[in-house]
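Chains, contacts and geometry: an overview
Here's the letter readout for the chains.
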Amino acid sequence: MTVTTTRPARPPQLMAALRRVTGDEKHAPAAISTLDVLWVLYDRVLRVDPDRADDPDRDRFLLSKGHGPAAFYAVLATTGFIPLDWLDDLAGPDSRLGHHPDRMLVPGVEISSGSLGHGLPIAVGTALGLRAQGLTRPHVYVLVGDAELDEGSNHEAIAYAGATGLDNLTVVVVDNQSATHGWPGGIGVRFAANGWAASTVDGRDHEELAAALPVRWPGRPSVVVARVEPYGQE
Amino acid sequence: MRDTFIRTTGALLDDDPRTAVVIADISAAQFAAVARAHPDRFINVGIREQLMVSVAGGLALTGLRPYVHSYAPFLVDRAYEQIKLDLDHQGVGAVLVSIGASYDASEEGRTHQSPGDVALIDSLDGAWTVHVPGHPDEVPRLLREAATHDDPVYVRLSSQTNTTGYPDATGLRVLRRGRAATVVAVGPMLDPVLAATEGLDVTVAYTHTPRPFDTAGLRAAAGETAATGDAVVLVEPYLAGTSARVVADALADRPHRLLSLGVTRTDLRRYGTPADHQRWHGLDPVALRQKLTEFAGPRL
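These numbers come from a predicted model, not from an experiment. (Residues numbered from 1 in each chain as written. Chains lettered and ligands numbered in written order. Predicted model: local features only at pLDDT ≥ 70, side-chain atom pairs only at ≥ 80, totals over all residues. Heavy atoms only, no water.)

A separate point is the overall build of chain A. When helices and strands are tallied, chain A shows eight helices and five strands. The order of helices and strands in chain A, counted from the N terminus, is α-α-α-β-α-α-β-α-β-α-β-α-β. Expected size for 234 residues packed as a compact globule is a radius of gyration near 17 Å; at 17 Å, chain A falls within 12% of this value. Taking all 234 residues of chain A together, the buried fraction comes to 53%. A sequence separation of at least 24 residues applies to 77% of the contacts in chain A between residues at least 6 apart. With an accessible surface of roughly 10000 Å², chain A has 51% of that area assigned to carbon and sulfur atoms. On chain A, the mean spot of the 20 positive side-chain charges and the mean spot of the 29 negative ones are 4 Å from each other. (Helix = DSSP H or I, 4+ residues; strand = E, 2+ residues; numbered from the N terminus. Rg over C-alpha atoms; globule rule 2.2 N^0.38 Å. Buried < 20%, exposed > 50% of the residue type's maximum accessible area, 1.4 Å probe, protein only. Contact = heavy atoms within 4.5 Å. Areas by Shrake-Rupley, 256 points an atom, 1.4 Å probe, with all protein chains shown as cover. Lys, Arg positive; Asp, Glu negative; His and termini not counted. Charge placed at Lys NZ, Arg CZ, Asp CG, Glu CD.)

What follows concerns the domain arrangement of chain B. Residue and element names in this part refer to chain B. Parsing chain B into structural domains produces domain 1 (2–156) and domain 2 (173–299). Averaged C-alpha coordinates put domain 1 and domain 2 at centres separated by 27 Å. Opposite the 25 residues of domain 1 that make contact, domain 2 presents 28 residues. The interface formed by domain 1 and domain 2 holds two salt bridges in total. Arginine 211 serves as the salt-bridge partner of aspartate 122, at 2.7 Å between the closest nitrogen and oxygen. Where domain 1 meets domain 2, there are 11 residue pairs in polar contact (both at pLDDT 80 or more). Counting residues per element, the ones that place at least two in the side of domain 1 that touches domain 2 are α6 (117–122) and β5 (129–131). (Domains from an automatic or database assignment. Salt bridge = Lys/Arg side-chain N within 4 Å of Asp/Glu carboxyl O. Polar contact = N/O pair within 3.5 Å; in protein donor to acceptor, adjacent residues only side chain to side chain.)

Where interface size is quoted, it is often the accessible area lost as the parts come together. Taken residue by residue, the interface counts 24 residues in chain A and 23 residues in chain B. Between chain A and chain B the total buried area reaches about 2000 Å² when both faces are included, carbon and sulfur atoms providing 59% of it. Contact with chain B buries surface across chain A, with His118, Glu156 and Tyr160 of chain A losing the most and accounting together for 28% of the total. Between the two partners, chain A and chain B, sit zero salt bridges. For the pair chain A and chain B, the interface holds 10 residue pairs in polar contact (both at pLDDT 80 or more). Of all the elements in the fold, those that place two or more residues in the side of chain A that touches chain B are α5 (119–132) and α6 (152–163) of chain A. The element contributing the most residues to the side of chain A that touches chain B is α5 of chain A, with 10 residues. (Buried area = accessible area lost by both parts, 1.4 Å probe.)

What follows deals with the sheet that holds strand β1 (residues 19–23) of chain B. Residues and elements named next belong to chain B. Taken together, six strands build an open sheet; the order of strands is β2-β1-β3-β4-β6-β5 and the sheet is parallel. Strands at the two margins of the open sheet, each flanked by one partner only, are β2 (42–44) and β5. Strand-to-strand twist in this sheet, taken as the mean axis angle between neighbours without regard to direction, amounts to 15°. Where β1 meets strand β3 (residues 65–71), five bridges bridge the pair, whose relative direction is parallel. Note that in β3 the partner of alanine 20 across the bridge is proline 66. Helix α7 (residues 139–146) rests against β3, β4 (95–99), β5 and β6 (153–156) of the sheet, and its axis sits at about 135° to β3. (Pairing = 2+ DSSP bridges. Axes fitted to C-alpha atoms, helices over the stretch in contact; angles between N-to-C directions.)

Residues and elements named next belong to chain B. Enumeration over the complete set of coordinates arrives at four cavities of 30 Å³ or more. For the largest cavity, the calculated volume is near 70 Å³. Lining of the largest cavity is provided by Ala101, Ser102, Tyr103, Asp104, Arg156, Ser158, Gln160, Pro188, Met189, Pro237 and Gln278. For the lining of the largest cavity, the class distribution of residues is five nonpolar, four polar and two charged. Split by domain, the lining of the largest cavity shows at least three residues from each of two domains, domain 1 (2–156) and domain 2 (173–299). (1 Å grid on protein atoms, 1.4 Å probe; cavity = no way out; pocket = protein on both sides within 12 Å on 5 of 7 lines; lining within 4 Å. Points joined across faces, edges and corners; volume = space filled by probe spheres on them. Nonpolar A, V, L, I, M, F, W, Y, C, P; charged D, E, K, R; others polar.)

Tallying each qualifying case throughout the model produces 10 aromatic pairs over all chains. On the basis of an interplanar angle of 75° and a centroid distance of 5.0 Å, the ring pair of phenylalanine 191 of chain A and tryptophan 196 of chain A is categorised as edge-to-face. Across the pair, exposure class does not vary: phenylalanine 191 of chain A and tryptophan 196 of chain A are buried alike. Consider the rings of phenylalanine 5 of chain B and phenylalanine 31 of chain B, whose centres lie 5.6 Å apart with planes at 90°: the pair is edge-to-face. Of this pair, phenylalanine 5 of chain B sits in helix α1 (residues 2–15) while phenylalanine 31 of chain B sits in the loop between β1 and α2 (32–37), and the two are 26 residues apart along the sequence. An aromatic cluster of three or more residues is present, and its members are Tyr42, Phe61, Phe72, Tyr73 and Phe81 of chain A. Above the face of the tryptophan 280 of chain B ring, arginine 270 of chain B is positioned so that its terminal group lies 3.7 Å from the ring centre. (Phe/Tyr/Trp six-rings, centres within 6.5 Å; stacked < 30°, edge-to-face > 60°. Lys NZ or Arg CZ within 6 Å of the ring centre and 35° of its normal.)

Residues and elements named next belong to chain B. As for its placement among the helices and strands, isoleucine 6 is situated in helix α1. Note: C-alpha distance between isoleucine 6 and leucine 194 (188 residues apart in sequence) is 30 Å. Among residues more than four places away in sequence, those in contact with isoleucine 6 are Ser27, Gln30 and Phe31.

It is worth spelling out the nonpolar core at this point. In terms of nonpolar packing, the biggest core is built from 58 residues, with Leu120, Val124 and Leu169 of chain A together with Leu96 and Tyr154 of chain B touching the most fellow members. If we ignore the near neighbours within four places in the chain, the residues touching leucine 96 of chain B are Val68, Leu75, Ile83, Leu87, Ile121, Trp128, Val153, Tyr154 and Val155 of chain B. The next biggest cluster of nonpolar side chains, apart from the first, holds 43 residues, and it includes Leu38, Leu46, Ala77 and Val201 of chain A. (Core = buried A, V, L, I, M, F, W, Y, C linked by side-chain atoms within 4.5 Å.)

Set out below in structure tokens:
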């Protein structure tokens, strides 16, 4: 038996969209740490629909790491949430797309982010709110960066969600090893200490991501650590 | 006021499936029965005030109406960025209900005091309503009204209370009429103001809702005293001058003078009683009367 490991192709329309945001740089777009996680989420995991962007029964995806949102905007345009031509005017005076996304300006954006350490705590509230209203189908995903975990507010959320078994919540940590003081023992261990179900995958491997992201653990929140090239060595 | 808040909020959770309560251990014992009755909509996150406010933002994003409660310095000062970003910037609201006010916890020291809370709320989006009730009877209606919409509301409860409640004093309610000045008392400042102005020829107006400030009511009340230009005295139970901007804007087209009294910016580093702090900040009837007389003197 031959096992072939291939990097699944990122669709050409996604890369074209990304080049429209970034100004057609040759190397930068493919190196964006969140690109593959975002694409796999929207292409294969999330139950979201641009025609029913306010459906109470939709999954929620919260981009906490709001800086460098080029890949997010490209994915939203490729999946039909925003017009492609919005991508041509990033952060212009009349643009709806800034360097940090604003949910009041961009369809499909669940939270306005930028200041780090807010997405995961809000996601805890969203997960609780869905549960309190008997909405059991929607799942809440939140993407954070490994360096973003430095913010103490995340640890309030990790401890509480673990203690209360918030199992409609999945955190994806895109780990490009950019935390100044690192995470001794690994990021998954940090979550597991509070009772989370933790897995670690190759953040560039679409099959691994697609297999790990939908996994549910009854009575436990989940974290998927998606490892990519170390920051600065892409 | 805290007891009234807990009773009213518990009843709201019973009556309105859209409401939720989020706390961070403060008042957990008093809420125990409510927590048992509503395990899904009563949320105690532990001693995590940032999370408390962020959770409220998340709840509101799913369509719920969260009531968020803690001591004022932990709810507003500590979690300010969460209020700014996880409520305001997300375009959602909540009902923040604090206790402790400026110096209810006089014996606890600076850490448990928040004279700057209303000023901090004032730095946010103009959509905020701020209630500073002066009597427990004013509290239930304010809390119930807040459940009927999604806008942001701050309710500042205090153990300092007036003898009489005026539940309808959302706008300025004129309690005395005079000619030399218009004295506006906010919340628990009413009783000290009434004592300080006894026998003086001034108008005394009261409100438990400084935001939005009843500017029309102020213009009407001040106009009656404006023989030589409006003379207005603000007496607020939080940082002095917090509403000066609002009054200045309201009277921008008229000659006026304004004296803004309230809690000073000094960290007293003293304990004692709330009455001591009131005196040290110059908000007791004797000090108020002296300042008022100096300000409006020639006309009194």
